[in-house]
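As a plain string of letters, each chain reads:
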Amino acid sequence: MDGRGVGGLASIGPEQPQGALGGGLSIANLIRDAAAYAHDAFMVCQADPLDFPGPYIIYVNPAFERLTGWKLHEVLGKNPRMFQGPKTDRAALRRLREAMDAGRSCVVELVNYRRDRSEFELELSVFPLHDSCGKLTHFLSVQRDITLEKRALASIAASEERYRSLVQTIPHGIKECDVHGRVTFANDALLRMLGMERSELLAAGAAELVVDPAHRLVFPADLRDRSAPNPASVQAEMRAKDGRLIDVQIDRTYKRDAEGVITGCVSVITDISARKKAEAALVEYQQRLESLVAQRTAELERSFERVRLTDRLASIGTLAAGLGHDISNLLFPMRCRVDRLTAMKLPDDCAEDLAGLRTALDLMWNLTQGLRLFALDPEDRAALNDRTDLAVWAHEVGPLLMKSVKGGTRLSIELPEGLPPARIAPHQLSQAVLNLVVNAGEAVGPKGRVRLWAETHGRDRIRVAVTDDGVGMTPEVRRQAMDPFFTTKPRSLSTGLGLSIVHRIASLAGGEVEIESAPGAGTTVSLLVRRADAAGPAATAASGGRRPLACIDLADRRIAAYTTELLRSAGFRTVASAREPTAEAVLLVIRAGPGDDVSANAFLDGRTDRRVLAVGRPDGAWNAPEAKIVDDSGGLEGLRTAVQEAARSLGVTPP
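Sequence order sets the numbering: in each chain, residues are counted from 1 along the sequence as written. The predicted nature of this model means local features are confined to residues of pLDDT at least 70 and side-chain atom pairs, given and counted, to a pLDDT of 80 or more, with totals for whole chains, interfaces and linings taken over all residues. Side-chain metrics in this entry use all non-hydrogen atoms of the structure; hydrogen atoms and water are not considered.

Caption draft 1: Representation of the overall build of the protein in the model. Helix and strand assignments follow DSSP, with helices taken as H or I runs no shorter than four residues and strands as E runs no shorter than two, numbered in order from the N terminus. Looking only at helices and strands, the protein features 18 helices and 20 strands. Burial classes follow relative accessibility: with a 1.4 Å probe on protein chains only, a residue under 20% of its type's maximum area counts as buried, one over 50% as exposed, and anything between as partly exposed. In the protein, which comprises 655 residues, the share counted as buried stands at 40%. Using a 1.4 Å probe, accessible areas were evaluated by the Shrake-Rupley method; residue-level cover was limited to the displayed protein chains. Total accessible area computed for the protein in this model is approximately 36100 Å², and 55% of it derives from carbon and sulfur atoms.

Shown next as structure tokens:
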């Protein structure tokens, strides 16, 4: 043992006679044997020198060998610094050295290293040992491995932190109370919900937070009753600090101890104010929808009456067309004879009567022509397929139009070169424009001006318009202007069929009529028809094919069903859930959501014979300018109007 072996332990404690313990045992041997059976690691070092290369190790017990992997003979005569490493706490080492210099005991926690250089944490307790004269001779260090204990504490701390983070970040309020109704815990979400400080909430009774006493928590009379079920979930109102009432759902669970005795309650509180408002809004929306359905039903009933009236007018028109033809044959020779008499030299009183006769004949002539136009057959397939070269047409009908206005009224025809052909029969365009010019001439008087002009409109339509500088129309007159037999002129001067005939002709050609007018600002009446070089569903209908196809891709089944009925009423066939529409489709109805602009652009793809209706409010990323946006936030009236406009622009007529 090179003089520093286990024999050094003989100085631990007072000297005793060799046989004082019996059996030849000494105190030193007894202590050594006891240390061999200890679970904690023991190490004894000489007290001098403490500086390097000391202190020298003179003893370690078997527990030390098991803990560090070093054997006794490998560490004898060496110093404890051999067990230290990069993670050994230098501050703890300084405290330990200060205590040893002062001859005091000390306890520190350190990271030491085993023989294989693996780390372990230990609690190191160092005690000074003195000889019988009181001189400090050795230090005893007791080392307890606390690695697993540290890991367990760290795991517990991490679990507590996860629990605390979960409870504090969950969007629902969490509250704990004891069986006396005292609040013992509340998370941050509940504090924010009620607008309270934690101290205020903990000072309040749990029952006081719920407004209705019937919804407050009541513990069972026997807290030891293991069969007592958890309280049922309730929807209640809680009062915030500022007096607001908050709609909440409360889910409660009893807390029990190890013996099953109820010790309190945990409540999860969810703010359902937004859901309650949404439910109320839904009820209001349903009521409004029912009101709209009732209103639309009434409108359908009125429409049915108008259809019956239209059928009667069609029958009358058919009869009038035949009568008009016969009357026209009689009127022609009468007008010729009146013209001849007008050229003759007659007495002055005869000239006045002749002028009155001529006025009556002109009125009868206009009436018969109007009745014939109003009786046009809506199923005239040939007319639907005809086209008109506007330049040739203007050259042919120009002289007739010039003669249709009163003397003194200036009529100008302004048609730019290069206009594409229009998809309308020449005789239909002539009849429509003649009515517009005659109406405009009567509105401006003998000194007024009437202008016939045309331009391309959008990608697939042509606008043929008549503008006058006359008295204009009031909004009420403008709304009724195209009703059959409506007129603001004396019956002796007008039949009331002019604009209704124009509207009828536009509908037959798959177009529409627009009126822009205001009192004192003149009037512009536009006939919007399709370009003949833009194929559309009108050609399909004219060839006897099936009705045009509309594809519906709406997740809201209520809106999808309503849209389906609108489209079928407008004259479309429909197919649902068509994210990739067939090539036959001419109309796509989709939701104006993220990514739907890609579907809209892919469906249009430069086609002039297709339309897209996007229902809703698109976000900022929407990039489909050719799609028609239909905002449904205020109801479904806008959708109804958009479907009608799409049907008109595509030349689709109701069945």
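So much for the structure itself; the text now carries on.
Caption draft 2: Region of the structure containing the pairing of strand β4 (residues 119-130). In this structure, strand β3 (residues 106-113) lies alongside β4, joined through eight bridges in antiparallel fashion. Looking at β4, one finds that Glu-109 is bridged to Glu-123. Where β3 folds back on β4, the antiparallel hairpin that results is connected by five residues, among which Arg-117 adopts a positive phi of roughly 65°. Pairs of strands are assigned from DSSP output, requiring at least two bridges between the strands. Bridge analysis of β4 against strand β5 (residues 136-145) gives nine bridges, and the strand direction is antiparallel.

Caption draft 3: A look at the packing of aromatic side chains. Only rings of Phe, Tyr and Trp enter the pairing, Trp through its six-membered ring, and a pair is recorded when the two centres are within 6.5 Å. The plane angle decides the type: under 30 degrees is stacked, over 60 is edge-to-face, the rest tilted. Scanning the model with the defined rule gives two aromatic pairs in all. Above the ring of Trp-70, the side-chain terminus of Arg-115 is found at 5.1 Å from the ring centroid. The ring centre of Phe-603 lies 4.3 Å from the NZ or CZ of Arg-610, which sits over that ring. Criterion for a charge above a ring: Lys NZ or Arg CZ within 6 Å of the ring centre, and within 35 degrees of the ring normal.

Caption draft 4: Geometry of the pattern of salt bridges. Only one rule defines a salt bridge in this text: a Lys or Arg side-chain nitrogen within 4 Å of an Asp or Glu carboxyl oxygen. Applying the stated criterion across every chain yields a total of 25 salt bridges. With its nearest N and O atoms 2.9 Å apart, the salt bridge here joins Arg-115 to Glu-74. Of this pair, Arg-115 sits in the loop between β3 and β4 while Glu-74 sits in helix α3 (residues 72-75), and the two are 41 residues apart along the sequence. For Glu-74, a relative accessible area of 19% gives the class buried.

Caption draft 5: Structural view of the nonpolar core. We call a set of buried Ala, Val, Leu, Ile, Met, Phe, Trp, Tyr and Cys residues a nonpolar core when their side-chain atoms join them within 4.5 Å. Counting 33 residues, the largest nonpolar core has Ile-424, Leu-429, Val-433 and Leu-527 as the members making the most contacts within it. Looking at this core, the elements with two or more residues in it are α11 (390-403), α12 (426-444), β12 (449-457), β13 (461-468), α14 (498-508), β14 (512-517) and β15 (523-530). The leading source of residues in this core is α12, at seven residues.

Caption draft 6: Structural context of the sheet that holds strand β9 (residues 245-256). In space, the five strands of this open sheet follow the order β7-β6-β10-β9-β8, with antiparallel pairing throughout. Edge positions in the sheet fall to β7 (183-186) and β8 (234-239), since each of these pairs with one other strand and no more. Strand after strand, the sheet turns through a mean of 35° between neighbouring axes, direction not considered. One ladder, built from six bridges, connects β8 with β9; its direction is antiparallel. Note on β9: the bridge partner recorded for Glu-237 is Asp-247. Axis lines are fitted through C-alpha atoms, for helices just across the contact stretch, and the angle between N-to-C directions can take any value from 0 to 180 degrees.

Caption draft 7: Representation of helix α18 (residues 637-649) in the model. With 13 residues, α18 extends 19 Å from end C-alpha to end C-alpha; this agrees with the ideal 18 Å at 1.5 Å per step. Within α18, the full set of buried residues consists of Leu-639, Ala-642, Val-643, Ala-646, Ala-647 and Ser-649. Summarising the axial view, the buried residues of α18 lie within an arc of 165°, below the 170-degree limit, and thus occupy one face. Looking one or two places after α18, you find Gly-651, whose phi comes out positive at around 75°. To estimate the expected span of a helix, subtract one from its residue number and multiply by 1.5 Å. By arc we mean the arc of the directions from the helix axis to the C-beta atoms, nothing more.

Caption draft 8: Representation of the side chain of Thr-523. By secondary structure assignment, the location of Thr-523 is in strand β15. What makes Thr-523 buried here is its relative accessible area of 7%. Engagement of the side chain of Thr-523 in a polar contact is seen with the side chain of Ser-517, the distance being 2.8 Å. Whether two residues are in contact is decided by their heavy atoms: any pair within 4.5 Å suffices. In contact with Thr-523, not counting residues within four places along its chain, are Val-466, Thr-467, Asp-468, Gly-472, Met-473, Ile-515, Glu-516 and Ser-517. In protein, a polar contact requires one atom able to donate a hydrogen and another able to accept it; more generally it is a pair of N or O atoms within 3.5 Å, and residues adjacent in sequence count only if both atoms are side-chain atoms.

Caption draft 9: Expanded view of the sheet that holds β4. Spatially, β2-β1-β5-β4-β3 is the arrangement adopted by the five strands of the open sheet, whose pairing is antiparallel. Both edges of this open sheet fall to β2 (57-60) and β3, since each of them pairs with a single strand only. Shown here is a sheet whose adjacent strand axes are inclined to one another by a mean of 25°, direction ignored. The pairing of strand β1 (residues 41-46) with β2 spans three bridges and is antiparallel. From the neighbouring strand, Val-44 faces β2, where its bridge partner is Tyr-59. Sheet contacts for helix α4 (residues 90-101): β3, β4 and β5; angle to β3, the most-contacted strand, approximately 135°. Its contacts with the sheet put helix α5 (residues 147-169) on β3, β4 and β5, and the angle it makes with β4 is roughly 130°.

Caption draft 10: Highlighting the side chain of Ser-649. Position of Ser-649 relative to the elements: it lies in helix α18. Here the side chain of Ser-649 touches Arg-611 through a polar contact of 3.2 Å, side chain to side chain. Contacts of Ser-649, omitting those with residues within four sequence positions, involve Arg-461, Arg-530 and Arg-611.

Caption draft 11: Just a negative patch on the surface, in detail. Any residue with relative accessible area above 30% and no salt bridge may belong to a patch, with like charges joined within 9 Å and the nonpolar Val, Leu, Ile, Met, Phe, Trp and Tyr side chains within 5 Å. Charged-residue counts in this description rest on Lys and Arg as positive and Asp and Glu as negative, His and the chain ends being excluded. To locate a charge, take NZ of a lysine, CZ of an arginine, CG of an aspartate or CD of a glutamate. A surface patch of like charges, here negative, comprises Asp-348, Asp-349, Glu-352 and Asp-353. Given the relative accessible area of 52%, Asp-349 is considered exposed.

Caption draft 12: Region of the structure containing the packing of helix α16 (residues 557-570) against α18. One way to put it is that α16 packs onto α18 with a least axis distance of 10 Å and a crossing angle of 35°. Relative to α18, α16 is oriented so that their crossing is right-handed. Two secondary-structure elements touch here, α16 through Ile-559, Tyr-562, Thr-563, Leu-566, Leu-567 and Ala-570 and α18 through Leu-639, Arg-640, Val-643 and Ala-647. Its residues assigned to classes, the contact of α16 with α18 shows eight nonpolar, one polar and one charged. For any helix crossing, the convention is left-handed if the near helix is rotated counterclockwise from the far helix by under a right angle, and right-handed if that rotation is clockwise. Asp, Glu, Lys and Arg are counted as charged, while Ala, Val, Leu, Ile, Met, Phe, Trp, Tyr, Cys and Pro are counted as nonpolar; the rest, among them Gly, fall into the polar class.

Caption draft 13: Quick look at the environment of Leu-190. Its location among the elements puts Leu-190 in helix α6 (residues 188-194). Leu-190 gets classed as buried once you look at its relative accessible area, which sits at 0%. Measuring from C-alpha to C-alpha, the distance between Leu-190 and Asp-271 comes to 9.4 Å, with 81 residues separating the pair along the chain. Excluding residues that lie within four positions of it along the chain, Leu-190 makes contacts with Gly-173, Ile-174, Lys-175, Leu-201 and Ile-269.

Caption draft 14: Representation of unusual backbone geometry. The omega torsion across Phe-52 and Pro-53 is 15°, close enough to zero to call that bond cis. By the element assignment, Pro-53 lies in the loop between β1 and β2. Here the amide bond leading from Gly-54 into Pro-55 is cis, since omega sits at -5°, within 30 degrees of zero. In this fold, Pro-55 is placed in the loop between β1 and β2.

Caption draft 15: Here's a closer look at the confidence of the model for the protein. Per-residue confidence for the protein averages 78 on the pLDDT scale, and 80% of its residues sit at or above 70. The predictor reports its confidence for every residue as pLDDT, a score running from 0 up to 100. Predicted confidence is poor over residues 490-497, with pLDDT under 50, and the contacts of this stretch with residues over four places away or in other chains come to 17 contacts. Note on residues 535-544: pLDDT under 50 across the span, and 17 contacts to partners over four residues away in sequence or across chains.

Caption draft 16: Representation of α16 within the structure. End to end, α16 covers 20 Å across 14 residues, agreeing with the expected 20 Å (1.5 Å per residue, within 8%). Within the sequence span of α16, burial applies to Ile-559, Ala-560, Thr-563, Thr-564, Leu-566, Leu-567 and Ala-570. The buried residues of α16 occupy an angular sector of 170° when projected down its axis, which confines them to one face. Taken together, the buried residues of α16 touch β16 (549-553), β17 (573-576), β18 (585-591) and α18.

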